[in-house]
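# Remarks on the overall topology
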Amino acid sequence: MIDPLMLEDVRAGMAGAGIDALVLRPSPDFRYLRAAPPSAAGGESYLVVALDGPPAPADDPAQAAALVPPTARRVAVDPQMHAAELFALRLDAELVLASAVLAPLRLRKRADEVTAMRHAAAAADTVLLAARELAWFGATELAMARRLRAMLAETGCEGAPSVLVAAGEHSADARHQPCDRVINPGDALLVSLGGRWNGYCAEVARVFAVAEPPEDFDAMYSVVLAAQRAAVDLVRPGVACAAAATVAGEVIDGSGYGDYAAARAGRGIGLSPAEGPWLAAGERFEAGMTVCLEPAIYLPDLFGARVADVVVCGEDGPELLSSGSRALHVLDR
């Protein structure tokens, strides 16, 4: 069931883009319109939205194609549609991406969307707090990542798009995946939890030290925290999105760590772990936008630090969805 007001906005976008029909498969765009996942009993399904008439579900691409008006000359298809599905549609029309219509609508979150993201962030906060009491010494990154994923599921999250545990020199690798590396005293430890609640994502990343922080780690981490605070303060209506990334970079540059800053300071987040708004030129914050601000410093072969939180752009300024402490915590076991 699609909300009538949402359907009105979608059709206005379609008309403005000269699009006669949308054909969606299970995906973030599909979830956005339906506001619920496809039925497990029904398997994968499709959704067709034309400029007139009620939106219609379909069981397969051929059925979806039959629901597209025969006069349609421009059809928007789901960005996640596979090549086999596109061929099976056999549409005699120009095909464009549905994101041209839906991405602008998904930029500004409704109250229920923010509530779902708040639940996901709170779940991550809960697990990260409980993680302080776990036995880390001698465990592997992979074993701890699996345990944290199970704990996240126990909070009620419907999924975990990402769970990262990176120890010592691995914390300086932005693309690292948990492995059999043993966690030892003296390691810096980067832990990031990405949870999903009712389809909506939130990520919280925190940094720990095992037994004691490495030399100079405290000073570097304080720079990361300062960079995030400066970026968060700029998440206000009318401010250029790129300004949040710029100010985070300026803080890190001013500390002397500029050559080791992460390539990006954040990204939009919602039904996808990464989506608009992007912290790039040409976009400005509007009330309802949600971003994950995640500045980081990576010192190759030594250690790194990244702190991540989801921020909502409110009418009066930023709202952090996670409330857990960002102070460096020393694990004692």
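Let us look at the structure shown here. (Residues numbered from 1 in each chain as written. Predicted model: local features only at pLDDT ≥ 70, side-chain atom pairs only at ≥ 80, totals over all residues. Heavy atoms only, no water.)

## Quick look at the overall build of the protein
A count of helices and strands for the protein gives 9 helices and 15 strands. Its C-alpha atoms give the protein a radius of gyration of 22 Å, within 12% of the compact-globule value 20 Å for 333 residues. Overall, the C-alpha framework of the protein stretches about 70 × 45 × 30 Å when taken along its three principal axes. For the protein, with 333 residues in total, the buried portion stands at 50%. (Helix = DSSP H or I, 4+ residues; strand = E, 2+ residues; numbered from the N terminus. Rg over C-alpha atoms; globule rule 2.2 N^0.38 Å. Buried < 20%, exposed > 50% of the residue type's maximum accessible area, 1.4 Å probe, protein only.)

## What about helix H1 (residues 4-17)?
For the α-helix, the turn length of 3.6 residues means that residues three or four positions removed from each other point alike. For H1, spanning 14 residues, the distance from its first C-alpha to its last is 20 Å, which sits close to the expected 20 Å at 1.5 Å a residue. Looking only at H1, the buried set comprises Met6, Leu7, Val10, Arg11 and Met14. Projected down its long axis, H1 shows its buried positions confined to an angular sector of 130 degrees, all on one face. Summarising the geometry of H1, the exposed residues directed more than 90 degrees from the buried face are Leu5, Glu8, Ala12, Ala15 and Gly16. Two or three places before Leu5, at the opening of H1, Asp3 has a side-chain oxygen 2.9 Å from that residue's backbone nitrogen. Just past H1, the residue Gly18 takes up positive phi, approximately 70 degrees. (Expected span 1.5 Å × (residues − 1). Arc of directions from axis to C-beta. Polar contact = N/O pair within 3.5 Å; in protein donor to acceptor, adjacent residues only side chain to side chain.)

## Let's talk about the sheet that holds strand S2 (residues 46-50)
Strand order in the open sheet made by the 5 strands is S3-S2-S1-S4-S5, with mixed pairing throughout. Only two strands of the sheet have a single neighbouring strand rather than two, namely strand S3 (56-58) and strand S5 (94-97). Going from strand to strand, the sheet's axes swing by 25 degrees on average, the running direction of each strand aside. Two strands pair when backbone bridges link them, and strand S4 (residues 74-77) and S5 are joined in this way by 4 bridges, in the parallel orientation. Bridge pairing in S5 places Arg74 opposite Glu94. (Pairing = 2+ DSSP bridges. Axes fitted to C-alpha atoms, helices over the stretch in contact; angles between N-to-C directions.)

## Comments concerning the nonpolar core
With 62 residues, the main nonpolar core has Val10, Leu33, Trp136, Leu148 and Leu189 as its most contacted residues. Per-element tally for this core: the top contributor is helix H6 (residues 111-131), with 10 residues. Core analysis: the next-biggest nonpolar cluster, separate from the first, contains 35 residues, Leu107, Leu190, Met220 and Ala265 among them. (Core = buried A, V, L, I, M, F, W, Y, C linked by side-chain atoms within 4.5 Å.)

## Here we look at the pairing of strand S11 (residues 296-299)
The two faces of S11 match: Ala296 and Tyr298 on one face and Ile297 and Leu299 on the other face are all buried. In this sheet, strand S12 (residues 303-306) lies alongside S11 in antiparallel orientation, the contact comprising 4 bridges. Counterpart to Ile297 in the pairing with S12 is Ala305. Between the antiparallel neighbours S11 and S12 lie 3 residues, among them Asp301 with a positive phi of about 70 degrees.

## Considerations on the state of the cysteines
Enumeration over the complete set of coordinates arrives at 0 disulfides. In this structure Cys201 is not part of a disulfide, and its nearest cysteine sulfur, from Cys157, lies 9.7 Å away. (Disulfide = S-S within 2.5 Å.)

## Observations regarding the side chain of Arg181
Looking at the element boundaries, Arg181 is found in the loop between strand S6 (159-167) and strand S7 (188-197). Judged by its relative accessible area of 17%, Arg181 is buried. In terms of polar contacts, Arg181 uses its side chain to reach the side chain of Glu169, at 2.9 Å.

## A word on the environment of Leu189
In this fold, Leu189 is placed in strand S7. Classification of Leu189 by relative accessible area gives buried; the value is 1%. Remark: the alpha-carbon pair of Leu189 and Ala103, spanning 86 residues in sequence, is separated by 36 Å. Sequence-distant contacts of Leu189, that is, excluding residues within four places in its chain, are made with Trp136, Val165, Ala166, Ala167, Ile183, Arg206, Val207, Phe208, Val210 and Leu331. (Contact = heavy atoms within 4.5 Å.)

## A closer look at the side chain of Arg326
Checked against the element boundaries, Arg326 lands in the loop between strand S14 (317-320) and strand S15 (329-331). Look past the residues within four positions of Arg326 in its chain and what remains in contact with it is Arg206, Tyr221, Leu225, Gln228, Val307, Asp309 and Leu320.

## Quick notes on the packing of aromatic side chains
Tallied over the full model, the rule gives 2 aromatic pairs. Judged by centre distance (6.3 Å) and plane angle (0 degrees), the ring pair of Phe217 and Tyr221 falls under stacked. Remark: Tyr221 and Phe217 occur in helix H8 (residues 217-233); sequence separation between them is 4 residues, near one turn of the helix. You'll find Phe217 and Tyr221 in the same group, each marked buried. Arranged with centres 5.1 Å apart and planes meeting at 90 degrees, the rings of Phe217 and Phe303 form a pair that is edge-to-face. Taken together, the residues span a long stretch of sequence, with Phe217 in helix H8 and Phe303 in strand S12 at a distance of 86 residues. By relative accessible area, Phe217 is classed as buried at 0%. Phe303 sits in the buried class, given a relative accessible area of 8%. Within the aromatic cluster, the residues linked to one another by ring pairs are Phe217, Tyr221 and Phe303. (Phe/Tyr/Trp six-rings, centres within 6.5 Å; stacked < 30°, edge-to-face > 60°.)

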